[in-house]
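Listed below, chain by chain, are the residues.
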Amino acid sequence: MQSSVLSGKTYFIRTFGCQMNMHDSERVSGLLDSCGCLEVAEPAEADIVIFMTCCVREAADTRLYGQCSSCKSLPAPPGGKRVIAVGGCIAQRDGAGLLTNLDNVDVIFGTASIAHVAELLEQAFVEGGHHIRCEEKDSGAATDMPWHRAENYRAWVPIMTGCNNFCSYCIVPYVRGREKSRSFEEIVDEVTGLVRIGVREITLLGQNVNSYGRDLFGAPRFAELLRAVGDTGIERIFFTSSHPKDLLPETIDAMAEVPAVMPQLHLAVQSGSSRILKLMNRRYTREHYLALIDQVRERIPDIALSTDIIVGFPGETEEDFEQTLSLAEQVGYAHAFTFIYSKRAGTPAATIEDPTPRDVILERFNRLVKVIEDGAYAYNQHDLHTVVPMLVEGTSKKDATRLLGKSPKNQTVHAPIPEGYTVDELIGKIVDVDVDRARTWYLSGTVVGSPR
Ligand code: SAM
Ligand code: SF4
């Protein structure tokens, strides 16, 4: 799709939040590339600045206001006129309301309106003024659009959008709408196409991948999807997120039996207290969650488990929090995202009074981080003095002579660049690393054998 107005314009995208948003940014970028635009690394060099926003926690709102307002002081862009656009969850939630706080925004497009971003930008350049589009329902058009992948060896593949779960603290179902699964064939075809062009690793994306297909077939078909995607020849499959209430035995079987499914599972627990889980509307108990972990470990003994935990849900007591600590100790997560509860207007939890002082919540948060770190350190010791296949992503930020990549368990791995190779030759290759150091957040060692 060539556009005479947009052709030759430079653009910069800043993305906040989750992988779904990062993938949405790839779609926006693919669309702009197909219009003849050129991506640049700094907002100062861009005719078009796009913020892809997140509204899961308050901090992301604040960052958007700061960064978007600071665009006012940028030097004039190459084309003479700069258009500022806001997409993603805050755009979907606030629509035109965003203009009250941000008077320098020209284009606002919601999560279901990505397919229209080029025409909105064109209108802003030609006519000036504000151009806003926030459809309620996702037509699925965006998932058929061209997309610009940051890397050519791995890709995100959205399998569904939206969420039906309404956890009491979470804004996502209100903003991203109900669950909508992509067709089975479309996903398998997309992965087949990715394999053909050399992609080795995919991450299947959805807010609750375990319920994939419920809206298409009347029952979840995630296990079948894993098997079909595994048959495409893709080498590494990851997926996120899994809701514990919907993780079925057949999915655990598929994970254990499909060789390409990596031994890694992100299973958000949120809290270790059954009382808090009920208030969160998570629809499982501590005991159910721990029983699931046992089932998963029985089938995939060395699996790397990761999770999301919220500290400071309204009314959480010291006793509730200690239940979370003991659950984290018992599971021994390889990794965890820990969050302090953030009140989101419009969610049921926002109406619950909370007498807990902020410093108590912060102190609990720090105690949890320590337990998570100890668990991750202990988990990584299993890989000390073993050979780990790392998919090379580039070099370490701190040391350009060291390769950086990921293990099948999604651990970060470092190793010096082997003699006779350049980094560029190795990006996207798998190299075996003989691990001689296992720390909390990484493994390191030396490359052995030949890259493949
Ligand atoms: N659908 C995914 C799941 O349930 O596993 C999670 C998606 S959400 C974007 C990512 C994480 O943000 C959640 O698992 C939760 O831990 C955290 N989160 C969501 N709402 C939050 C809130 N109001 N305050 C703090 N953390 C929150
Ligand atoms: Fe939010 Fe819960 Fe849906 Fe995850 S499952 S997106 S936490 S409502």
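Let me sum up the structure you'll find in this document. (Residues numbered from 1 in each chain as written. Chains lettered and ligands numbered in written order. Predicted model: local features only at pLDDT ≥ 70, side-chain atom pairs only at ≥ 80, totals over all residues. Heavy atoms only, no water.)

Glancing now at the site of ligand 1. Around ligand 1, a shell composed of 15 residues is seen, among which Arg 57, Gln 207, Gln 270, Asp 308 and Ser 342 lie nearest. Measuring from an oxygen atom of ligand 1, one finds a side-chain N or O atom of Asp 308 at 2.6 Å. Isolated, ligand 1 exposes 560 Å² of accessible area, and the fraction of that covered by the protein chains is 92%. Mapped by element, the contributors of at least two residues to the shell around ligand 1 are β13 (304–311) and β14 (335–340). In terms of residue class, the shell around ligand 1 is made up of seven nonpolar, four polar and four charged. (Near = heavy atom within 4 Å. Polar contact = N/O pair within 3.5 Å; in protein donor to acceptor, adjacent residues only side chain to side chain. Areas by Shrake-Rupley, 256 points an atom, 1.4 Å probe, with all protein chains shown as cover. Helix = DSSP H or I, 4+ residues; strand = E, 2+ residues; numbered from the N terminus. Nonpolar A, V, L, I, M, F, W, Y, C, P; charged D, E, K, R; others polar.)

Let us look at the packing of aromatic side chains. Ring pairs (aromatic) are described by centroid distance and by the angle formed between their planes. Here the structure, examined in full by the defined rule, presents six aromatic pairs. Seen from their ring centres, Phe 184 and Phe 217 are 6.5 Å apart, and the 75° between their planes marks the pair as edge-to-face. Here Phe 184 is found in helix α7 (residues 184–196), whereas its partner Phe 217 is found in helix α8 (residues 214–217), with 33 residues between them in sequence. Members of the aromatic cluster, each reached through a chain of ring pairs, are Tyr 169, Phe 313 and Tyr 341. A cation over a ring is seen here: Lys 9 above Phe 125, with NZ or CZ 4.7 Å from the ring centre. Positioned above the aromatic ring of Phe 217, the side-chain terminus of Arg 221 is 4.0 Å from the ring centre. (Phe/Tyr/Trp six-rings, centres within 6.5 Å; stacked < 30°, edge-to-face > 60°. Lys NZ or Arg CZ within 6 Å of the ring centre and 35° of its normal.)

Within the structure, ligand 2 sits among Cys 163, Asn 165, Phe 166, Cys 167, Tyr 169, Cys 170, Val 172, Pro 173, Gln 207, His 243 and Arg 282. Looking at the shell around ligand 2 residue by residue, the class counts come to seven nonpolar, three polar and one charged.

Looking at the secondary structure, you find Asp 106 in the loop between α4 (98–101) and β5 (107–109). A C-alpha to C-alpha distance of 51 Å links Asp 106 and Val 435, two positions 329 residues apart in sequence.

Another point: the sheet that holds strand β10 (residues 201–205). Read from one edge to the other, the open sheet built from three strands follows the order β7-β10-β11, with strand pairing classed as parallel. Both outer strands of the open sheet, β7 (154–158) and β11 (236–240), are each paired with one neighbouring strand and no more. Strand-to-strand twist across the sheet, computed as the mean angle between neighbouring axes with direction ignored, equals 20°. Alignment of β7 against β10, held across five bridges, turns out to be parallel. (Pairing = 2+ DSSP bridges. Axes fitted to C-alpha atoms, helices over the stretch in contact; angles between N-to-C directions.)

A few words now on the sheet that holds strand β19 (residues 443–448). Strand order in the closed barrel formed by five strands is β15-β16-β17-β19-β18, with mixed pairing between adjacent strands. Taken pair by pair, the neighbouring strands of this sheet meet at an average axis angle of 50°, ignoring direction. Alignment of strand β17 (residues 412–416) against β19, held across two bridges, turns out to be parallel. Paired with His 414 across the strands is Ser 444, a residue of β19.

This part takes up helix α2 (residues 58–69). The end-to-end C-alpha distance of α2, which contains twelve residues, comes to 17 Å, matching closely the 16 Å that a straight helix rising 1.5 Å per residue would cover. Buried within α2 we find Ala 60, Asp 61, Leu 64 and Cys 68. One face of α2 carries all of its buried residues, which in axial projection span an arc of 105°. Looking at α2, the residues exposed on the side facing more than 90 degrees away from the buried face are Ala 59 and Thr 62. At its buried positions, α2 is contacted by β3 (48–53), β4 (83–87), α3 (88–94) and α4. (Expected span 1.5 Å × (residues − 1). Buried < 20%, exposed > 50% of the residue type's maximum accessible area, 1.4 Å probe, protein only. Arc of directions from axis to C-beta. Contact = heavy atoms within 4.5 Å.)

On to the pairing of β17. Where strand β16 (residues 402–406) lies against β17, five bridges are found, and the strand directions are antiparallel. In the strand pairing of β17, Lys 406 is matched with Thr 412.

Our next topic: the side chain of Ser 342. Checked against the element boundaries, Ser 342 lands in the loop between β14 and α14 (358–380). For Ser 342, a relative accessible area of 13% puts it in the buried group. At 2.9 Å, the side chain of Ser 342 and the backbone nitrogen of Glu 58 are in polar contact. Discounting residues that sit within four places of it in the chain, Ser 342 has contacts with Arg 57 and Glu 58.

Applying the stated criterion to the full structure yields 28 salt bridges. The partner of Arg 133 in a salt bridge is Glu 119, and the shortest N-O contact between them spans 3.4 Å. On the criterion of sequence distance, the pair formed by Arg 133 in strand β6 (residues 131–133) and Glu 119 in helix α5 (residues 117–127) is long-range, its members being 14 residues apart. Its salt-bridge partner being Glu 235, residue Arg 200 comes within 2.8 Å of it at the nearest N-O pair. Linking Arg 200 in the loop between α7 and β10 with Glu 235 in the loop between α9 (222–230) and β11, this pair joins segments that are 35 residues apart in sequence. You can call Arg 200 buried: its relative accessible area is 13%. (Salt bridge = Lys/Arg side-chain N within 4 Å of Asp/Glu carboxyl O.)

That is the geometry; function is a separate question.
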